[in-house]
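# Coordinate inspection notes
The lines below spell out each chain.
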Amino acid sequence: MQVSEILAIKGKVLYTIAPNRSLSEAVAIMTEQDVGSLVVFDHGKMAGMLTFREVLKHVHGAGGSWQDLSIADVMVRDPLTAGANMEMDELRRHMVDHHQRYLPVMDDDTLLGVISFHDVAKAVLEEQSFENRMLKNYIRNWPEESNEA
């Protein structure tokens, strides 16, 4: 299974924010949309990623003044990305090796979507469930042996 297939199952809704917006605005969007990451766009290009990990780190570090932090101060610049043709096994290895829960999927400079570790786990379960059904169907319809001598 390729990343493009996971995106097709997941859908391509994207949540973005500008780097000059406040962290409190990002938290509001992430909470309202029930997402764990936002892609940061500046002048039509991806400038970074904001995930709940960065939010928590900076909320803890800034104390009571965290709401005024800008996204540019908090985001991960030049995040790792995945390509649409990347195989799922390579994607999983990439995410685990780099400790990334969210990866933007890019086609050159075009953002195609964001894949989360949850999306990958769901795709694996669906793929295994499909294979399981096919194997059970194959076994159920196993041809009977003829007793011709």
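Residues numbered from 1 in each chain as written. Predicted model: local features only at pLDDT ≥ 70, side-chain atom pairs only at ≥ 80, totals over all residues. Heavy atoms only, no water.

### Here's the deal with the sheet that holds strand β3 (residues 45-51)
Pairing within the open sheet is mixed, and its four strands lie in the order β1-β2-β3-β4. Among the strands making up the open sheet, the edge pair consists of β1 (16-17) and β4 (76-77). Across six bridges, strand β2 (residues 37-42) lies against β3 in antiparallel orientation. Each bridged residue has a counterpart across the sheet, and for Phe41 the counterpart in β3 is Met46. In the packing of helix α3 (residues 52-62) onto the sheet, contacts are made with β3 and β4, and the angle to β3 comes to roughly 65°. (Pairing = 2+ DSSP bridges. Helix = DSSP H or I, 4+ residues; strand = E, 2+ residues; numbered from the N terminus. Contact = heavy atoms within 4.5 Å. Axes fitted to C-alpha atoms, helices over the stretch in contact; angles between N-to-C directions.)

### As for the UniProt feature "domain: CBS" (unreviewed entry) in the protein chain
Feature annotation in UniProt places "domain: CBS" (unreviewed entry) on residues 8-69 and 75-130, given in this structure's numbering. The straight-line gap between the two end C-alpha atoms of residues 75-130 is 38 Å; of that span, 43% is helix and 30% is strand. (UniProt positions renumbered as here; feature names shortened; annotations may be inferred.)

### Examining the packing of helix α5 (residues 88-97) against helix α6 (residues 117-140)
Where α5 contacts α6, the axes come no closer than 11 Å and their chain directions differ by 145°. For the pair α5 and α6, the sense of crossing is left-handed. The residues of α6 that touch α5, namely those facing Met88, Leu91, Arg92, Met95 and Val96, are Phe117, Val120, Ala123, Val124 and Glu127. Looking at the contact of α5 with α6 residue by residue, the class counts come to eight nonpolar, no polar and two charged. (Left-handed = near helix turned anticlockwise from the far one by under 90°. Nonpolar A, V, L, I, M, F, W, Y, C, P; charged D, E, K, R; others polar.)

### Re a nonpolar patch on the surface
A surface patch of nonpolar side chains, amounting to about 400 Å² of accessible area, comprises Tyr138, Ile139 and Trp142. Inspection of the secondary structure assignment puts Trp142 in the segment after α6. Given a relative accessible area of 52%, Trp142 falls into the exposed group. (Patch = residues over 30% accessible without salt bridge, like charges linked within 9 Å, V, L, I, M, F, W, Y side chains within 5 Å. Areas by Shrake-Rupley, 256 points an atom, 1.4 Å probe, with all protein chains shown as cover. Salt bridge = Lys/Arg side-chain N within 4 Å of Asp/Glu carboxyl O. Buried < 20%, exposed > 50% of the residue type's maximum accessible area, 1.4 Å probe, protein only.)

### Structural notes on unusual backbone geometry
Residues other than glycine predominantly adopt negative phi, and peptide bonds predominantly adopt the trans conformation. Even without a glycine there, the phi angle at Asp78 is positive, about 50°. Positionally, Asp78 belongs in the loop between β4 and β5 (82-83). Overall, Asp78 belongs to the exposed group, its relative accessible area being 72%. In this structure, Asp108 takes a positive phi of about 60° despite not being glycine. Inspection of the secondary structure puts Asp108 in the loop between β6 (102-107) and β7 (110-116).

### Concerning the sheet that holds β5
Strand order in this open sheet of three strands is β5-β6-β7, and the pairing throughout is mixed. Two strands in the sheet have a free side with no partner beyond their single neighbour: β5 and β7. Examined bridge by bridge, β5 and β6 share two bridges and lie parallel to one another. Along β6, the bridge assignment pairs Gly83 with Met106.

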